[in-house]
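An overview of the molecular structure
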Amino acid sequence: MSLRKIKAVARKELRQASRDPLTLTMLLGVPTMMLLLYGYAINFDVKHVALAVQDLDKSARSRDLVASFVNSTYFDQVADLAAGADLQRLTERRRAQAVLVVPAGYARDLAGGGTASVQLLLDGADANTATTVLGYASSLVASTNAALLEEAAPGRVRLGGISNEPRVWYNPELKSTQFLVPGLIGFILMLTGVLSTALAVVREKERGTMEQLRVTSLHPAELVVGKTLPYLGISLAATAIILVAARVLFDVVVRGPYLDLFVATLIYLIGALGLGLLVSSMSESQAMAFQIGMVVSLLPAIFLSGFIFPIRSMPVAVQVITYAVPARYFNVVLRGVILKGAGLSSYLRDMGFLTLYAVVVLGIAYARLTRKEA
């Protein structure tokens, strides 16, 4: 491939995009508009919350408390932690969304008529889920207290109550915008990346300029790279606009390394632009490209990525489909880097899926475009 030819195609595409107000509005204006539209709370029912338990008392009373959580169907116990376990690391890697800590002496305090304290640690990166989980935990503790009062018959030693001390990590104020903004980045970049690339290539077909480009000395790879590079740069600029607006309007601060955020966004965008190229290879008009692009980008990014709707609450068949949605993995990485301050080393599996998706989609798109030009 010739770098000079790629730069020429990219310069031409960038100049054409700058003269098209609709394209610039879609790539730079839509992110800010969507950020404003979705910057409010949305509440949903949550079930099967991954719960880790650190029972330091190891008594019948502590086991009864844990059983009340697990048997409620709101929580699924995923780990039984020993003393000294790294609780924050557990939630950072998303192995658990909540950790129930029962201190030593729990049963003794109850038997002595005092107040026994337990602690619930929550992953507040998902504010809506954390708020719902807090309500579930408070209700379960209240039910356990009621059962203890009934058990304390007249003439017997009165059992004490339980004091629940929840602590929320990563998003202590449970602001919904802290949860929505990272998901918005994945949703918007997928939408704009797919549509901008697909419409740009199909526009060349409609105007007949694609045939002129085919008879030149341009290699198909040079044409593809040259046409996608400008939109890659514009999409990265759109990401910066979202992050700045989120900091100014909603006080969303990037706690993790900016380099890790850039790498994850770059790989995700390459996959989105590759999907746009694939859509363009299947479309003969901009209207068709727009319709196909909306179906393959907007709908999965909203409904199947965990952006708004918890994946654990979906039917099993739908959960299986979500594994093919790149926004699912990107949202996990973004929330980890932005809200938890974690690096990409904690999300190697998700980054692996994003990289595999980008390679596969680009390979299929290139094969189709090359075959059409052969």
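Structure first, text after, so check above.
Residues numbered from 1 in each chain as written. Predicted model: local features only at pLDDT ≥ 70, side-chain atom pairs only at ≥ 80, totals over all residues. Heavy atoms only, no water.

**So, the packing of helix α10 (residues 258–281) against helix α13 (residues 326–340)**
Packed helix pairs are characterised by how far apart their axes lie and by the angle those axes make with each other. Between α10 and α13, the least distance of the axes is 10 Å, while the angle of their chain directions is 170 degrees. For the element pair α10 / α13, the angle class is roughly antiparallel. Contacts between α10 and α13 involve Leu-261, Ala-264, Thr-265 and Tyr-268 on the former and, on the latter, Pro-326, Ala-327, Phe-330, Val-333, Leu-334, Val-337 and Ile-338. Taken together, the residues that form the contact of α10 with α13 break down as 10 nonpolar, 1 polar and no charged. (Axes fitted to C-alpha atoms, helices over the stretch in contact; angles between N-to-C directions. Helix = DSSP H or I, 4+ residues; strand = E, 2+ residues; numbered from the N terminus. Parallel < 35°, antiparallel > 145°, perpendicular 65-115°, else oblique. Contact = heavy atoms within 4.5 Å. Nonpolar A, V, L, I, M, F, W, Y, C, P; charged D, E, K, R; others polar.)

**As for the packing of aromatic side chains**
Given two aromatic rings, one states the distance between the centres and the angle between the planes to describe the pair. A complete count under the given rule lists 6 aromatic pairs for this structure. Seen in terms of ring centroids, Tyr-74 and Tyr-136 are 3.9 Å apart; in terms of plane orientation they differ by 10 degrees. Their pairing is stacked. Taken as a pair, Tyr-74 in the loop between α3 (60–70) and β2 (75–80) and Tyr-136 in helix α6 (residues 127–151) lie far apart in primary sequence, 62 residues in all. Relative accessible area serves as the criterion here: at 28%, Tyr-74 is assigned to the partly exposed category. Tyr-136 sits in the buried class, given a relative accessible area of 14%. Centre to centre, the rings of Tyr-329 and Phe-353 are 4.7 Å apart; their planes meet at 5 degrees, and the pair counts as stacked. Of this pair, Tyr-329 sits in helix α13 while Phe-353 sits in helix α14 (residues 348–373), and the two are 24 residues apart along the sequence. Of the residues examined, Tyr-329 reaches a relative accessible area of 2% and is grouped as buried. Here the guanidinium or amino end of Arg-328 rests over the ring plane of Tyr-323, the centre of that ring lying 4.2 Å away. (Phe/Tyr/Trp six-rings, centres within 6.5 Å; stacked < 30°, edge-to-face > 60°. Buried < 20%, exposed > 50% of the residue type's maximum accessible area, 1.4 Å probe, protein only. Lys NZ or Arg CZ within 6 Å of the ring centre and 35° of its normal.)

**Side note on the pattern of salt bridges**
Inspection of every chain in the model, using the stated rule, returns 3 salt bridges. One salt bridge in this structure joins Glu-92 and Arg-89, with 2.5 Å as the shortest N-O distance. Taken together, the positions of Glu-92 and Arg-89, both in helix α4 (residues 87–92) and 3 residues apart, correspond to about one turn of that helix. Classification of Arg-89 by relative accessible area gives partly exposed; the value is 33%. Put simply, Asp-350 and Arg-349 hold a salt bridge, and the shortest N to O gap is 3.9 Å. (Salt bridge = Lys/Arg side-chain N within 4 Å of Asp/Glu carboxyl O.)

Worth remembering: the numbers are spatial, not functional.
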